[in-house]
Protein chains: 2
Amino acid sequence: MSMLVVGSVALDSLETPFGVRKDVPGGSATFFSTAASFFGPVQLVGVVGEDFPEEPLRFLADRGVDLAGLTRAQGRTFRWSGRYGYDLNEAQTLDTQLNVFGEFRPELPEAFRRPDFLFLGNIHPELQGQVLDQVAARPKLVAMDTMNFWIEGTREKLLEVLARVDLLFINDAEVRQLSREHNVVKAARFVLAHGPTLVVVKRGEYGALLFEKEQVFAAPAYPLDEVFDPTGAGDSFAGGFMGFLANRGADLDADSLRQACVAGSTLASFCVERFSLDRFRELTRREIDERLAAFRTLTDFRPIA
Amino acid sequence: MSMLVVGSVALDSLETPFGVRKDVPGGSATFFSTAASFFGPVQLVGVVGEDFPEEPLRFLADRGVDLAGLTRAQGRTFRWSGRYGYDLNEAQTLDTQLNVFGEFRPELPEAFRRPDFLFLGNIHPELQGQVLDQVAARPKLVAMDTMNFWIEGTREKLLEVLARVDLLFINDAEVRQLSREHNVVKAARFVLAHGPTLVVVKRGEYGALLFEKEQVFAAPAYPLDEVFDPTGAGDSFAGGFMGFLANRGADLDADSLRQACVAGSTLASFCVERFSLDRFRELTRREIDERLAAFRTLTDFRPIA
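Just so we're clear, the structure is a prediction, and the values are computed from it rather than from any experiment.

**Q** Just to check I follow, could you spell out the environment of Val161(A) for this structure?
**A** Residues and elements named next belong to chain A. Mapped onto the secondary structure, valine 161 falls in helix α5 (residues 155-162). The spatial distance from the C-alpha of valine 161 to the C-alpha of alanine 10 is 24 Å, given a sequence separation of 151 residues. If we skip the residues at most four places from it in the chain, valine 161 touches Pro125, Gln128, Gly129, Leu132 and Met144.

Okay, structure coming up:
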């Protein structure tokens, strides 16, 4: 099954209690495609500047990420810098420089216009809509992410594109903000009333909740004794989730969606063990399988008669 | 199996976004014994003042809580008042009046000295130790709770009593504070190195983690669309957990402990649906069984091959 992601490719500068990194690969499309690539090929649409190094692009290409939709534009790459305290759940943004990303107008190469799975990373909702306009046939599953900036500034546009997707990935603070409901169950129901049939509410170190019309599934985060850098965890979750489903090619039944949630939580758990993409550079399929199995040990209990 | 709880019996005054209550029944022993009573009889040791109303005592007695260890002392009952915002995870304490609880010296009636299960509610660690001194035979399971106040003020005494118990119930902020570790896995390991063989880390609306020497079990909180008043949720969790185990009388094997965690989360989920004990007043065994089953639907997924 073909998989397309449209989103940012960035250079991140990070400060955590465990170290400092400058201009390391980041961005939603980067993390998403890397995580999804463990399950199958991915097509990427994005933009970098003249200063973006070759090495991360080779890494992505080697992992099966098709970069035919990645433009190299004149100017500097999108840069984000942030700081985390010991409470690694929330980043303090120190600086954002849109650079070439500010002029990003996603253009899907002809070969990318019939994805089975489509992930609209966290970009302007208008651009997310333009991507949907370029898709020639209805994908099996369209998912999107967003953030507080778009909820505050472009709420109407956001609701328009929301009505066109199947699945929203969103963190708990953001879903409360979007729905204007403090209760997360009510907040998820608000989303389900505005288009999507699925909502994944991401809760950082506490895991994620998958809401369907009738059911809720709770996937914990994997309890790690070293969390190094949470940057990219949400996009790695989405990449693991959708990559898992695309690889199965199965109907999107409740069982598969729950397993996808666990796959998402698994890939996110690896992401945060090192800075940037570093953990993914050495990650093996066998380690993924072991952690997928460990998730069952983590959550399984005998039915209570 | 006999069950003993030693802790506070209080009058709470509460403000939440959903209403205000003045002088309603509260306290660790009250919530614990009520929750545990759905699984079997409970013996309670505590103290109230002359002003404590009869009605809640009749309620407890009718639920099978043996109040032979509840003293009525001269003076006023322990009072706590707190306020919750829309983020119901944390209370702002407005006022604490220890009153007769300040002079509380737990005395176990002769008939209470051989409990199979013992819960030491959140009181001065020295008093927790004095309760253990009065127990004539080693219980099957001794559990304790504590809070930031004792961690800050009586850390050494707390570590002494910790070495004498099997299970610590503690919330995530407190376990970090006690262990001086920011990572919750490391924090739990600190506790396991200081006596207990089990730690339950309570995470409010995010559920709880049960740490054994070799394994971790993650129990989510039940996703509720109305959370009214979180007061007593932690003690209701402990009451459901221990009541479930005592009722089974089973060996404390890993399977039973995981089920107990789900039972704890179930009783906590009911507790928060109304103020004070109100939800428990109408709660039926059938509703409990339905929610226990719903927890399986909430967390179960097909093993990933």
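**Q** Help me understand the pattern of salt bridges, please; the structure alone is not making it clear to me.
**A** Pairing between side chains becomes possible if they bear opposite charge and their charged atoms approach one another. All told, the structure shown has 46 salt bridges over all chains when counted by the stated rule. Across the pair Arg285(B) and Asp289(B) runs a salt bridge whose closest N-O atoms are separated by 3.1 Å. Placement of both Arg285(B) and Asp289(B) in helix α11 (residues 285-299) is noted, with a separation of 4 residues, approximately one turn of the helix. Connected via shared salt-bridge partners are Glu273(A), Arg274(A), Arg279(A), Glu282(A), Glu287(A) and Arg291(A).

**Q** Please clarify how the packing of helix α8 (residues 233-248) of chain B against helix α9 (residues 254-271) of chain B should be interpreted in this entry.
**A** Two packed helices can be described by the angle between their axes and the distance between those axes. Residue and element names in this part refer to chain B. One way to put it is that α8 packs onto α9 with a least axis distance of 7 Å and a crossing angle of 140 degrees. By the criterion of interaxial angle, the relationship of α8 to α9 is oblique. Read as a crossing pair, α8 and α9 show a hand that is right-handed. Contacts between α8 and α9 involve Ala233, Ser236, Phe237, Gly240, Phe241, Phe244, Leu245 and Arg248 from the former and Ser256, Leu257, Gln259, Ala260, Cys261, Ala263, Gly264, Ser265, Leu267, Ala268 and Cys271 from the latter. Per-class residue counts for the contact of α8 with α9 are 12 nonpolar, 6 polar and 1 charged.

**Q** Would you take a moment to explain the interface of chain B and chain A for this structure?
**A** One frequent convention defines the size of an interface as the accessible area lost when the parts assemble. Across the contact, 41 residues belong to chain B and 41 residues belong to chain A. Roughly 3,900 Å² is buried in total at the junction of chain B and chain A, and carbon and sulfur atoms are behind 53% of that figure. For chain B, the biggest contributors to the area lost against chain A are Tyr206(B), Phe301(B) and Ile304(B); these three give 18% of the whole. If you look at where chain B meets chain A, you find 10 salt bridges.

**Q** Looking at this model, I keep getting lost on the environment of Arg279(A). Mind explaining?
**A** All names here are of chain A. Relative to the elements of secondary structure, arginine 279 occurs in helix α10 (residues 278-282). Assessed through its relative accessible area of 6%, arginine 279 is described here as buried. Considering only alpha carbons, one finds arginine 279 and alanine 263, 16 residues apart in sequence, at a separation of 16 Å. Apart from residues lying up to four places away in sequence, arginine 279 is in contact with Phe270, Glu273, Arg274 and Glu287. Engagement of the side chain of arginine 279 in a polar contact is seen with the side chain of glutamate 273, the distance being 2.7 Å.

**Q** Is there a simple way to explain the packing of aromatic side chains in this structure?
**A** Working definition: an aromatic ring pair is given by the centre-to-centre distance plus the angle between the planes. By the definition in use, this model includes 31 aromatic pairs over all chains. Centroid distance Phe78(A) to Phe101(A): 5.0 Å. Interplanar angle 20 degrees. Geometry classified as stacked. One end of the pair, Phe78(A), is in the loop between β5 (65-72) and β6 (79-83); the other, Phe101(A), is in the loop between β7 (92-97) and β8 (117-120), and 23 residues separate them in sequence. Pairing Phe119(B) with Phe169(B) gives two aromatic rings, centres 5.9 Å apart and planes at 75 degrees, and the pair type is edge-to-face. Here Phe119(B), found in strand β8 (residues 117-120), pairs with Phe169(B), found in strand β10 (residues 167-171); they are 50 residues apart in sequence, far enough to count as distant.

**Q** Sorry if this is basic, but what is going on with α9(B) here?
**A** Since the α-helix turns once every 3.6 residues, residues separated by three or four places project in the same direction. For α9(B), which comprises 18 residues, the first-to-last C-alpha distance of 26 Å matches the rise-based estimate of 26 Å (1.5 Å per residue) to within 8%. Extensive coverage of α9(B) is indicated by the burial of 16 of its 18 residues.

**Q** Is there a simple way to explain the environment of Ser37(A) in this structure?
**A** All names here are of chain A. Structurally, serine 37 is set in the loop between α1 (28-36) and β4 (42-48). When the C-alpha positions of serine 37 and glycine 243 are compared, they lie 7.0 Å apart, and in sequence the two are 206 residues distant. Contacts of serine 37, omitting those with residues within four sequence positions, involve Val42, Arg63 and Val65.

**Q** What am I meant to see in unusual backbone geometry here?
**A** One can expect most non-glycine residues to show negative phi and most peptide bonds to be in trans. Residues and elements named next belong to chain A. Despite not being glycine, asparagine 99 has its phi angle at roughly 50 degrees, a positive value. For asparagine 99, the position within the fold is in the loop between β7 and β8. Assessed through its relative accessible area of 30%, asparagine 99 is described here as partly exposed. Not every positive phi belongs to a glycine, and arginine 180 is a case in point at roughly 60 degrees.

**Q** Would you take a moment to explain the packing of helix α9 (residues 254-271) of chain A against helix α11 (residues 285-299) of chain A for this structure?
**A** Residues and elements named next belong to chain A. Closest axis-to-axis distance for the α9/α11 pair is 10 Å, and the angle between their directions is 120 degrees. Classified by the angle their axes make, α9 and α11 are oblique. The two elements α9 and α11 cross, and the hand of that crossing is right-handed. Together, Val262, Ala263, Ser265, Thr266, Leu267, Ser269 and Phe270 of α9 and Glu287, Ile288, Arg291, Leu292 and Phe295 of α11 make up the contact between the two elements. Classifying every residue of the contact of α9 with α11 gives 7 nonpolar, 3 polar and 2 charged.

**Q** Help me out: how do you make sense of the relation of the copies chain B and chain A in this one?
**A** Related by rotation about an axis and a shift along that axis, the two copies of the chain form a pair. Rotating chain B by 180 degrees and translating it 0.0 Å along the rotation axis places it on chain A, where the RMSD comes to 0.0 Å. Seen this way, the second copy is the image of the first under a two-fold rotation axis. Within chain B, Tyr206(B) has its C-alpha nearest the rotation axis, a separation of 3.1 Å. When the interface residues of chain B are mapped onto chain A, 100% of them again fall at the interface, so both copies present the same face.

**Q** Is there a simple way to think about empty space enclosed by the protein in this case?
**A** Using a probe with the size of a water molecule, rolled over the atoms, empty space left in the structure can be pinpointed. By the definition in use, this model includes 2 cavities of 30 Å³ or more. The volume enclosed by the largest cavity comes to roughly 110 Å³. Lining the largest cavity are 16 residues; nearest its centre among them are Tyr206(A), Pro220(A), Tyr206(B), Ala219(B) and Pro220(B). In terms of residue class, the lining of the largest cavity is built from 12 nonpolar, 2 polar and 2 charged. Its boundaries defined by the atoms lining it, the second largest cavity holds a volume of some 30 Å³. Lining the second largest cavity are Arg296(A), Thr299(A), Asp300(A), Phe301(A), Arg296(B), Thr299(B), Asp300(B) and Phe301(B). Secondary structure elements with two or more residues in the lining of the second largest cavity: α11 of chain A together with α11 of chain B.

**Q** Sorry if this is basic, but what is going on with the sheet that holds strand β12 (residues 208-211) of chain B here?
**A** To summarise the sheet geometry, strands pair through backbone hydrogen bonds and adopt either a parallel or an antiparallel arrangement. Residues and elements named next belong to chain B. What the 9 strands build is an open sheet, ordered β5-β4-β1-β8-β9-β10-β11-β12-β13; its pairing is mixed. The outermost strands of the open sheet, each flanked by one partner alone, are β5 (65-72) and β13 (216-219). The sheet shows a mean angle of 15 degrees between the axes of neighbouring strands, direction not considered. With 4 bridges connecting them, β8 and strand β9 (residues 141-145) associate as parallel partners. Residue phenylalanine 119 lies in a different strand from β9, and its bridge partner there is alanine 143.

Basis of the calculations
Residues numbered from 1 in each chain as written. Chains lettered and ligands numbered in written order. Predicted model: local features only at pLDDT ≥ 70, side-chain atom pairs only at ≥ 80, totals over all residues. Heavy atoms only, no water. Helix = DSSP H or I, 4+ residues; strand = E, 2+ residues; numbered from the N terminus. Contact = heavy atoms within 4.5 Å. Salt bridge = Lys/Arg side-chain N within 4 Å of Asp/Glu carboxyl O. Axes fitted to C-alpha atoms, helices over the stretch in contact; angles between N-to-C directions. Parallel < 35°, antiparallel > 145°, perpendicular 65-115°, else oblique. Left-handed = near helix turned anticlockwise from the far one by under 90°. Nonpolar A, V, L, I, M, F, W, Y, C, P; charged D, E, K, R; others polar. Buried area = accessible area lost by both parts, 1.4 Å probe. Buried < 20%, exposed > 50% of the residue type's maximum accessible area, 1.4 Å probe, protein only. Polar contact = N/O pair within 3.5 Å; in protein donor to acceptor, adjacent residues only side chain to side chain. Phe/Tyr/Trp six-rings, centres within 6.5 Å; stacked < 30°, edge-to-face > 60°. Expected span 1.5 Å × (residues − 1). Least-squares fit on C-alpha atoms with pLDDT ≥ 70 in both. 1 Å grid on protein atoms, 1.4 Å probe; cavity = no way out; pocket = protein on both sides within 12 Å on 5 of 7 lines; lining within 4 Å. Points joined across faces, edges and corners; volume = space filled by probe spheres on them. Pairing = 2+ DSSP bridges.

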